[in-house]
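Listed below are the residues making up each chain.
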Amino acid sequence: MTFEGRNVDIVVGLTAPLIARQCFARRAWSRRAALWWNVAGIGILLNVVVHAQLSAPTPFRVFATQPPVTFIAYFPWIWLPAFLVALAWALHALSIRQLLRRAASRREPGGLA
């Protein structure tokens, strides 16, 4: 749960402008690249959420981290699970939905070209 830990979701956020530029502004990459980037982002976010749950001091604890993940219950860290994780899920889902709708409306052969 640190920059040295398993939270590579930070990389997804940092690469978002690059992916958007390459796929939509320059059209150097296909929409399929944007779709797979979103799917990978959801998988990485799921990994972080599961890791956080398994590190929390509960009966389901698998990872004994120091310090314990109890700091997440206090301000300002409470914003991470309460708002930012949900926002990340929603933005990835909306992006995938938009990509699939555009592909369907254009009736592109082979789907996302």
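Notes on the packing of helix H2 (residues 31-55) against helix H3 (residues 79-106)
- Orientation of H2 relative to H3, taken along the N-to-C sense of each, is 155 degrees, at an axis distance of 10 Å. Here H3 runs roughly antiparallel to H2, going by the angle between their axes. You can see that H2 and H3 cross each other, and the crossing is left-handed. Mapping the contact onto sequence places Arg31, Ala34, Leu35, Trp37, Asn38, Val39, Gly41, Ile42, Leu45, Leu46 and Val49 in H2 and Val85, Ala88, Trp89, His92, Ser95, Ile96, Leu99, Arg102 and Arg106 in H3.
- Among the residues making up the contact of H2 with H3, the classes are represented as 13 nonpolar, four polar and three charged.

Digging into helix H1 (residues 9-25)
- Spanning 17 residues, H1 covers 24 Å between terminal C-alpha atoms, matching the ideal 24 Å at 1.5 Å per step.
- Thr15 marks where H1 bends most, by close to 40 degrees; the proline Pro17 follows one to four residues later.
- The set of residues buried in H1 consists of Val12, Ile19, Gln22 and Cys23.
- On its buried side, H1 packs onto H2 and H3.

Some points on unusual backbone geometry
- The step from Phe75 to Pro76 runs through a cis peptide bond, and the omega angle for that step is 5 degrees.
- Locating Pro76 in the fold gives a position in the loop between H2 and H3.
- Even without being glycine, Arg27 reaches a positive phi, approximately 55 degrees.
- Following the sequence through the fold, Arg27 ends up in the loop between H1 and H2.
- Given the relative accessible area of 56%, Arg27 is considered exposed.

Thresholds applied
- Residues numbered from 1 in each chain as written.
- Predicted model: local features only at pLDDT ≥ 70, side-chain atom pairs only at ≥ 80, totals over all residues.
- Heavy atoms only, no water.
- Axes fitted to C-alpha atoms, helices over the stretch in contact; angles between N-to-C directions.
- Helix = DSSP H or I, 4+ residues; strand = E, 2+ residues; numbered from the N terminus.
- Parallel < 35°, antiparallel > 145°, perpendicular 65-115°, else oblique.
- Left-handed = near helix turned anticlockwise from the far one by under 90°.
- Contact = heavy atoms within 4.5 Å.
- Nonpolar A, V, L, I, M, F, W, Y, C, P; charged D, E, K, R; others polar.
- Expected span 1.5 Å × (residues − 1).
- Bend = angle between axes of the 7 residues up to and from the residue.
- Buried < 20%, exposed > 50% of the residue type's maximum accessible area, 1.4 Å probe, protein only.

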